[in-house]
Amino acid sequence: MEPIALAVIGGTGVYKLAALDDVQTHDVETIYGAPSGPVRVGLLNGQRVAFLARHGEGHSIPPHKINYRANLAALKQLGATRVLALNTVGGITDNFGPRVLACPDQLIDYTWGRISTLSEEAGSEVLHVDFGHPYTPSFRAKVLAAAKAKGVVMQDGGCYGATQGPRLETNAEIARMRRDGCDLVGMTGMPEAGLARELGLEYACLAIVANWAAGCGEAEEITMAEVLANVEAASAGLPTLVGELAKG
Ligand code: HPA
């Protein structure tokens, strides 16, 4: 199997990597079941890059129904060793307003009822992986360096709070998350990051801020139209960034 230089998981509003050439489609089956959709493998800067849409290419799978284990296992089966997770998020603290790109370095997990470990099945090995630094520090450094090299402005650090969804949060929930130290809120950061660690994959999050989280901005209401418009605007530099990251 030819190695894959980089795997990218797209979140809300990012359903394909248009910059990929010579795309091959893989319908992968894993011991955890089927991933969210086909894995598209193509060339970017001469490097093999894999792409998977986390919610499915038609955004049909809600955050709590995503088979996170199958998604990561499928990428690993195809030869990926490092995963760049694109996560559409709400911004909580001042530096994380709409259209900001951020590479968080911490997370807090508020999700519940999701299969969050490879140790789920009776008889499987019981894993207690270190998770003090939930995103692979050396890979995060490469993401930040690639952004710098390509002039893509990116916040270095921040704490991602993973909520259950699919509804957005109450103002009080976000106020609590702010007190807890969260800068960003999203629905898909966990269990994905923990599973990547269990699978031995390098993993970093590239958070795309789509809106101010509940009660943080001026808006009366958060709409999907606002979310999608901001993701599209903030994603302009992504192909260049991914291409640079795939190089090394
Ligand atoms: N909360 C949770 N997830 C999100 C948000 C939000 O405000 N915006 C985009 N994804």
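Residues numbered from 1 in each chain as written. Predicted model: local features only at pLDDT ≥ 70, side-chain atom pairs only at ≥ 80, totals over all residues. Heavy atoms only, no water.

Engineer: Would you mind showing me how to read the pairing of strand β4 (residues 47–53) here?
Structural biologist: A regular strand places its side chains so that they alternate between the two faces of the sheet. Of all seven residues making up β4, six are buried, and the element is well covered by its neighbours. In terms of strand pairing, strand β1 (residues 6–10) meets β4 through five bridges, oriented parallel. In the sheet register, V8 faces β4, and the bridge partner there is F51. The sheet contact formed by strand β3 (residues 39–44) and β4 spans five bridges and is antiparallel. Bridging across to β4, R40 finds its partner in F51. Taking the residues that link successive antiparallel strands as the turn, the β3-β4 hairpin has two residues, and the phi of N45 there is positive, at about 55°. (Buried < 20%, exposed > 50% of the residue type's maximum accessible area, 1.4 Å probe, protein only. Helix = DSSP H or I, 4+ residues; strand = E, 2+ residues; numbered from the N terminus. Pairing = 2+ DSSP bridges.)

Engineer: Explanation requested: the site of the ligand in the structure shown.
Structural biologist: Around the ligand, the neighbouring residues are T88, V89, G90, L168, E169, V185, G186, M187 and N211. The separation between a nitrogen atom of the ligand and a polar main-chain atom of T88 is 3.3 Å. A distance of 3.4 Å separates a nitrogen atom of the ligand from a polar atom in the backbone of G90. Across the complex, the protein chains shield 93% of the 260 Å² of accessible surface that the ligand would expose by itself. Judged by the proximity of its atoms to the pocket grid, the ligand belongs to the largest pocket. Taken together, the elements giving at least two residues each to the shell around the ligand come down to β5 (82–91) and β10 (184–186). With three residues, the top contributor of residues to the shell around the ligand is β5. (Near = heavy atom within 4 Å. Polar contact = N/O pair within 3.5 Å; in protein donor to acceptor, adjacent residues only side chain to side chain. Areas by Shrake-Rupley, 256 points an atom, 1.4 Å probe, with all protein chains shown as cover. 1 Å grid on protein atoms, 1.4 Å probe; cavity = no way out; pocket = protein on both sides within 12 Å on 5 of 7 lines; lining within 4 Å. Sits in = over half its atoms within 2 Å of the grid points.)

Engineer: So what exactly am I meant to see when it comes to the packing of aromatic side chains here?
Structural biologist: For any pair of aromatic rings, the description rests on two quantities: the centre-to-centre distance and the angle between the ring planes. Under the criterion given, the structure shown has one aromatic pair. When the ring of Y135 is compared with that of Y203, the centres are 6.2 Å apart and the planes differ by 10°; the resulting orientation is stacked. In this pair, Y135 is assigned in the loop between β7 (106–109) and α2 (137–149) and Y203 in strand β11 (residues 202–212), connecting sequence segments 68 residues apart. The burial state of Y135 is the same as that of Y203; both residues are buried. (Phe/Tyr/Trp six-rings, centres within 6.5 Å; stacked < 30°, edge-to-face > 60°.)

Engineer: Would you take a moment to explain the layout of surface pockets for this structure?
Structural biologist: A water-sized probe rolled over the atoms picks out the places where empty space is left. Of the pockets and cavities examined, the largest pocket occupies roughly 410 Å³. Forming the walls of the largest pocket are 24 residues, and the residues nearest its centre are T12, T88, L168, M187 and M224. Elements with a contribution of two residues or more to the lining of the largest pocket: β5, β10, β11 and α5 (224–234). Top element by residues in the lining of the largest pocket is β5. It accounts for three residues. Along the lines of polarity and charge, the residues of the lining of the largest pocket split into twelve nonpolar, ten polar and two charged. (Points joined across faces, edges and corners; volume = space filled by probe spheres on them. Nonpolar A, V, L, I, M, F, W, Y, C, P; charged D, E, K, R; others polar.)

Engineer: What is the right way to read the UniProt feature "binding site: substrate" (unreviewed entry) in the protein from this model?
Structural biologist: Following the UniProt record, the feature "binding site: substrate" (unreviewed entry) maps to M187, N211, W212 and A213 here. Of the residues annotated just before, the largest pocket has M187, N211 and A213 among its lining. Inspection of the secondary structure puts M187 in the loop between β10 and α4 (192–198). Ignoring any residue separated from it by four or fewer positions in sequence, one finds M187 in contact with P63, Y68, R114, Y160, T163, G165, P166, R167, L168 and E169. Mapped onto the elements of the fold, W212 is located in strand β11. Among residues more than four places away in sequence, those in contact with W212 are G91, I92, T93, D94, F96, G97, P98, G217, I222 and E226. (UniProt positions renumbered as here; feature names shortened; annotations may be inferred. Contact = heavy atoms within 4.5 Å.)

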